Amino acid sequence: MPCPIHVRVQAEDFDIAAETTRMTAGRRDIGAVVSFTGLCRDEGGRLDALELEHYPGMAEAQIARACQEAAERWPLQGLSAIHRFGRIAPGEQIVLVIAASPHRQAAFDGANFVMDYLKTAAPFWKKEHGLDGKAGDWVSAKDADDAAFARWRR
């Protein structure tokens, strides 16, 4: 049976428990569920919000392709990726990746692969808004994130 893949890009928050239940309800073949939730940090108390923009349509398609690649590389039985856009305050959720598999390592690897893709290659742009009311620069990709994703390409 092919791995069900669920991708959403949305302004609204998401419910981790509901998303996990959606993936696993009625399934008796799943032995492991790994989830990652990314939150907005306050960057040492100086950040009021993070503004995320995306390329509608393209973002969903590219994330779905990355999820499909993960499903081809590991024996996954479910994979979800939800990414928010808009203005997000510190402490709020930004991203959710859930991977299900018969065994834990495939679930960990599948979720990690998709998250590394989201951090480096998905068409999202981030701008910081400071507590001083000033909008900062658009945030550049970090070398560490690029290196993390590069390990999957070896």
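Shown above is the structure to which this text applies.
Residues numbered from 1 in each chain as written. Predicted model: local features only at pLDDT ≥ 70, side-chain atom pairs only at ≥ 80, totals over all residues. Heavy atoms only, no water.

**Student:** Got a minute to help me understand the sheet that holds strand β5 (residues 86-88) in this structure?
**Tutor:** Sheet strands line up and pair through hydrogen bonds in the backbone, either parallel or antiparallel. Reading across from one edge, β5-β3-β7-β8 is the order of the four strands in this open sheet, with antiparallel pairing throughout. Of all the strands in the sheet, just β5 and β8 (135-138) have a single pairing partner and so form its edges. Each neighbouring strand pair of the sheet contributes to a mean axis angle of 25°, computed without reference to strand direction. Of the pairings in the sheet, the one linking strand β3 (residues 47-54) to strand β7 (residues 124-130) comprises seven bridges and is antiparallel in character. Within β7, the residue paired with H54 across the bridge is F124. (Pairing = 2+ DSSP bridges. Helix = DSSP H or I, 4+ residues; strand = E, 2+ residues; numbered from the N terminus. Axes fitted to C-alpha atoms, helices over the stretch in contact; angles between N-to-C directions.)

**Student:** When you look at the packing of aromatic side chains in this model, what are you seeing that I'm missing?
**Tutor:** Describing an aromatic ring pair means giving the distance of the ring centres and the angle of the ring planes. A complete count under the given rule lists one aromatic pair for this structure. With centroids separated by 5.6 Å and ring planes inclined at 55°, the aromatic side chains of W74 and F113 adopt a geometry described as tilted. Linking W74 in the loop between α2 (58-73) and β4 (78-84) with F113 in helix α3 (residues 104-120), this pair joins segments that are 39 residues apart in sequence. Taken individually, W74 and F113 each receive the classification buried, so the pair is uniform in this respect. (Phe/Tyr/Trp six-rings, centres within 6.5 Å; stacked < 30°, edge-to-face > 60°. Buried < 20%, exposed > 50% of the residue type's maximum accessible area, 1.4 Å probe, protein only.)

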